[in-house]
Amino acid sequence: LRLRELTYADALREALREEMLRDPNVILLGEEIGVFDGVYRVTRGLLDEFGPERVRDTPISEAAIAGAAVGLALVGMKPVAEIMYMDFLPICMDQLATQAAKMRFMSGGQLKVPMVLRTQYSLGRQHGAQHSQFTPSWFLQVPGLKVVLPATPHDAKGLLKSAIHEQNPVLFIECGVLYRTKGSVPEEEYTIPLGKADVKRKGDDVTIVGASRCVGESLSAAKKLEEENVSAEVIDIRTLQPLDLDTIVESVKKTSRLVIASDDIKTGGIGAEISAAVTEVAFDYLDAPILRIACPDTPIPFSPPLEQMYMPNADKIVQAVDSIVAR
Amino acid sequence: MTEVVMPRLDPGMQTGKIVQWLKKEGELVQRGEPILVVEGEKTTFEVEAPDTGVLTKILAEIGADVPVTQPVAVIGEGGVRSHAATTVETVGKAKPTITERPARSTTPRERVVASPAARRLALEHGINIRVLSGTGPGGRITQEDVLAAVRQVPASKQGSSKARQPNVLRKTKLEGVRKAVAERLGFTARTAVPVILTMEADATKLVTLKNKESGISFTAFAVKAVAKALEKHSAINSTIEGDEITTYSDINIAVAINTEQGLVAPVIQHANRKSPKEINADLETLTEKAKQNRLTVEDLTGGTFTISNLGAHDIETFAPVINPPQCAILGLGRIAYKPFVLGEGVSARPATMMTLVFDHRVVDGVPAARFLQEVKRNLEDAESLL
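Anyway, here's the lowdown on the structure attached to this text. (Residues numbered from 1 in each chain as written. Chains lettered and ligands numbered in written order. Predicted model: local features only at pLDDT ≥ 70, side-chain atom pairs only at ≥ 80, totals over all residues. Heavy atoms only, no water.)

**A few points about helix α2 (residues 116-125) of chain B**
All names here are of chain B.
Reasoning step 1: Across the ten residues that make up α2, a large majority, seven, are buried.
Reasoning step 2: Among all positions in α2, only Pro116, Ala117, Ala118, Arg120, Leu121, Ala122 and Leu123 are buried.
Reasoning step 3: Tucked inside the fold, the buried residues of α2 contact β3 (28-29), β6 (53-58) and α3 (143-150).
Reasoning step 4: Of the residues flanking the end of α2, it is glycine 126, one or two places downstream, whose phi is positive at about 65°. (Buried < 20%, exposed > 50% of the residue type's maximum accessible area, 1.4 Å probe, protein only. Helix = DSSP H or I, 4+ residues; strand = E, 2+ residues; numbered from the N terminus. Contact = heavy atoms within 4.5 Å.)

**A few points about the interface of chain B and chain A**
Reasoning step 1: Facing 16 residues of chain B, the contacting portion of chain A comprises 18 residues.
Reasoning step 2: Each partner contributes to the roughly 1,500 Å² buried at the junction of chain B and chain A, and carbon and sulfur atoms together form 45% of this total.
Reasoning step 3: If you look at where chain B meets chain A, you find zero salt bridges.
Reasoning step 4: Along the contact surface separating chain B from chain A lie six residue pairs in polar contact (both at pLDDT 80 or more). (Buried area = accessible area lost by both parts, 1.4 Å probe. Salt bridge = Lys/Arg side-chain N within 4 Å of Asp/Glu carboxyl O. Polar contact = N/O pair within 3.5 Å; in protein donor to acceptor, adjacent residues only side chain to side chain.)

**A short note on the packing of helix α6 (residues 218-232) of chain B against helix α9 (residues 365-380) of chain B**
All names here are of chain B.
Reasoning step 1: For the pair α6 and α9, the least separation of the axes is 8 Å and the interaxial angle reads 135°. Comparing their axes, α9 and α6 come out oblique. Where α6 crosses over α9, the handedness of that crossing is right-handed. Note on element contacts: α9 touches α6 through Phe371, Glu374, Val375, Asn378 and Leu379, opposite Phe221, Ala222, Ala225, Val226, Lys228, Ala229, Leu230 and Lys232.
Reasoning step 2: Across the contact of α6 with α9, the residue classes tally to nine nonpolar, one polar and three charged. (Axes fitted to C-alpha atoms, helices over the stretch in contact; angles between N-to-C directions. Parallel < 35°, antiparallel > 145°, perpendicular 65-115°, else oblique. Left-handed = near helix turned anticlockwise from the far one by under 90°. Nonpolar A, V, L, I, M, F, W, Y, C, P; charged D, E, K, R; others polar.)

**Description of empty space enclosed by the protein**
Residues and elements named next belong to chain A.
Reasoning step 1: Inspection of every chain in the model, using the stated rule, returns three cavities of 30 Å³ or more.
Reasoning step 2: Estimates place the volume of the largest cavity at around 50 Å³.
Reasoning step 3: Residue lining of the largest cavity: 14 residues in total, with Tyr40, Val42, Glu82, Arg118 and Tyr179 positioned closest to the centre.
Reasoning step 4: Counting residues per element, the ones that place at least two in the lining of the largest cavity are β4 (78-83) and β5 (116-121).
Reasoning step 5: Of the residues forming the lining of the largest cavity, the biggest block, three residues, is contributed by β5.
Reasoning step 6: A per-class count over the lining of the largest cavity returns six nonpolar, four polar and four charged. (1 Å grid on protein atoms, 1.4 Å probe; cavity = no way out; pocket = protein on both sides within 12 Å on 5 of 7 lines; lining within 4 Å. Points joined across faces, edges and corners; volume = space filled by probe spheres on them.)

**Structural notes on the pattern of salt bridges**
Between side chains of opposite charge, pairing is possible as soon as their charged atoms come close.
Reasoning step 1: Enumeration according to the criterion identifies 42 salt bridges over all chains in this entry.
Reasoning step 2: When the shortest N-O distance is used, the salt bridge between Asp198(A) and Arg238(A) registers 4.0 Å. With Asp198(A) in strand β9 (residues 198-201) and Arg238(A) in the loop between β11 (232-236) and β12 (239-241), this pair connects stretches of sequence that are 40 residues apart.
Reasoning step 3: Residue classification places Asp198(A) among the partly exposed residues on the basis of a relative accessible area of 23%.
Reasoning step 4: Taking the shortest distance from any N to any O, the salt bridge between Glu124(B) and Arg120(B) comes out at 3.3 Å. Of this pair, Glu124(B) and Arg120(B) both sit in helix α2, separated by four residues, roughly a single helical turn.
Reasoning step 5: Using a relative accessible area of 37% as the deciding quantity, one classes Glu124(B) as partly exposed.
Reasoning step 6: Among the charged side chains, a network of salt bridges with common partners joins Arg4(A), Glu14(A), Glu18(A), Glu19(A), Arg22(A), Lys157(A), Lys161(A) and Glu189(A).

Here it is in C-alpha cells:
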C-alpha cells in the first residue's frame with residue numbers, strides 16, 4: 001500500500017470526489033457546500049469540478065434538505081446531503097425517522113432510499129449548548145437507519161465510500177474537532193464495511209470501547225495505562241448501527257473488564273446500549289462492573305474551561321480503568 | 001437457583017414427555033448444554049440448561065408427562081445441594097401433572113461480593129466461593145482470587161497486573177498427557193482427604209532373591225507384594241465416585257511410568273494371580289508401549305490400586321497423589337543399606353521406605369496401617385511371593 005498523510009476532512013473529500021467520478025448519480029446538497037467550499041472544507045473544489053447540477057447549495061432549511069434527499073434517493077439518485085450541525089437533525093427527524101427509515105419496509109421492498117446524510121458534532125469547539133451535541137443514540141430507536149461514526153482519516157474515507165454504496169439510508173456523523181487531524185490513508189481504492197468494529201490496539205487487562213473522538217482519547221489512555229503495566233485493548237465501534245457486538249464480546253471474554261467512552265450524554269447513550277448488550281451475552285466473563293465515560297446530564301457549557309471539564313478525556317478513562325483493575 | 005421448565009415446542013403443545021435425562025443430579029451443567037430429551041406431540045428434542053450450575057434436583061422422572069412451563073429440574077449454585085429443592089415432590093408416572101414450585105429458603109445466606117467471572121471460574125474449578133477473600137475494589141472476589149485459590153497459593157501473593165513478571169523462557173499449552181495428569185491429580189487434590197503413612201521394610205531377602213531371579217525388577221516384586229496384601233485387605237481395593245464406594249474382587253495394579261509425554265499408569269490386570277515373573281513381563285511390555293505412545297484404553301483402565309516407584313532416582317520417601325477414583329497409592333523409595341538396630345548392636349541392611357497415601361473418606365487409619373504391615377511382611381518374606 002502506498003500511504004500518505006491526509007486530514008480527516010481531506011480524506012472525506014477524496015471519498016466524495018471518487019464516488020462522484022465513479023457514479024454520475026452521486027450528487028451533493030447542503031448549506032454552504034458549494035460557493036463557500038463547505039464550512040469544514042470537506043466539499044472544497046467540488047463545485048468547480050462537478051458543476052452546480054451536482055453540487056447544490058441549499059436554503060437554510062434542514063427539513064427541505066433531508067426531504068429532497070429522500071425524494072432524490074427514491075427516484076434513483078445517490079444524494080449525499082450535509083447538515084451543518086448534528087444539533088439540527090431534529091428538524092430533519094420526520095424525513096429521517098418516519099420516511100427514509102420506513103419506506104423500504106412498508107413498501108415490501110419496492111422502494112429504497114439509498115441516501116447519505118452527512119453531519120458533524122462540535123463538542124470541544126466552544127460552540128455552545130445548541131451547536132455541540134452528540135446524540136447518535138437517538139437513532140438507535142430508528143431501525144432502518146445505519147449510523148456511522150468515523151474516528152480516523154483512514155476510516156472516514158473507507159466508511160463514507162461504503163455509506164454511498166449502501167442501499168439503505170445512512171446517517172454519517174463526523175467529528176468537528178477531528179477535521180484537521182491527520183492520519184495515513186492509502187492511495188489505492190479501499191472501502192470499510194459498515195458493521196465491523198476495529199481493534200485499534202491489542203491488550204489483555206481491560207477493553208476500552210470508544211466512539212468517534214473518544215477512540216483517540218482511549219488510545220491515549222491506553223498509552224498512559226501501559227506505564228502502569230495495565231494492558232488495554234482499544235476497540236473503535238466505527239458504526240453504531242449495526243453494532244459489531246461480536247468483536248466487543250470476544251475482547252471482553254479475554255479481558256473481563258469493559259469501559260466505554262463516548263461524547264454523548266451518559267444516560268441512555270452509546271455506553272448504556274453496549275453495556276446492556278455485553279451483559280446479556282457475556283455476564284459470566286465480567287470481573288468488574290462495566291463503566292461508562294461520557295458527558296454529564298446537563299446542556300453543554302459554553303465556557304471553554306467548563307466545556308473541557310465536561311468532556312470525556314484520556315485521564316477520565318484512565319481513572320475509570322484504575323478503579324476496576326486496582327487491587 | 002434457576003428452574004428448568006418444560007418448553008412449548010409448538011403453539012398447540014400442552015404437555016411434554018420426559019424421554020431421557022442426559023445429566024444426573026449433582027452434575028455440573030453449562031448454560032446451553034443439552035440436559036434432557038423431551039417428546040412433544042410432533043417431535044422429540046433436547047432441552048438446554050438455561051443457566052450454568054449444578055443440577056441440584058430432577059423433578060420429573062423419565063416417562064412423566066409434564067405441562068408446558070412447569071419446572072422439571074432445578075439448577076443451583078456451586079456444589080451445595082439446595083435445601084429448598086430437596087423438599088420438592090418428585091413427579092413420577094403415577095402423578096403426571098403435579099409440581100410444586102420450590103419454596104424459597106427462609107434464612108437468606110450472606111451475600112458474597114464476587115464478580116460474575118469469579119463465580120463462573122469457581123464453579124468450573126469446584127471451589128467454594130464463600131471461603132475466598134476478595135482483593136478487588138471493595139473486597140470483591142475477582143477471577144484472579146479464584147485462580148489463586150486454584151493454584152493453592154495465598155491470594156495476597158497473586159500477581160496483579162502491576163506485579164513484576166519474570167522473563168519467560170517458554171510457555172507450554174497444557175494438553176495431551178500433561179493435561180490428563182493435571183486434571184486427574186488436580187481433581188484428587190481438591191476432593192480426597194489424604195493421609196500419609198510411612199513404614200520401613202527390610203529388603204535383605206528381596207535383594208538376595210532379585211540377584212537369584214535376575215531380570216525381575218523390584219517393582220514387579222512390589223506389585224506382587226501389594227496384590228497379595230490387597231487379597232486380605234479388600235477395603236483398600238476400592239474406588240470412590242461421588243458418594244459411592246466400590247470395592248473390587250479383581251486386583252488390578254496400576255504402575256506409574258514416566259514417558260517423554262508425561263506420566264502414565266498402565267494396569268497389571270489380576271496381579272494377585274500372576275507370578276513376579278509374569279508381572280515383570282507385563283511391565284516390560286507396558287513400559288515399551290508407553291514409550292512408543294501406543295498404550296490402549298484397555299491398558300490404562302480398570303486399575304484398583306497404584307504403585308509409584310521412584311527408587312531408581314535416589315528418592316528416599318515421597319507422598320504420591322492418589323490416582324482417582326482409587327482410594328490409595330503406594331510410593332516406594334530406593335533400596336539402600338541402612339543402619340539396622342537390633343538390641344544394642346547396629347548393622348547395615350538393605351531397606352526401603354514405603355509410603356501409603358490413602359483417602360480417609362474411604363478407609364480409616366488402622367486398617368490402612370494393617371494393610372501396609374501386610375505389604376511389609378510380604379516384601380520381607382520375599383520367597384513367599386514366588
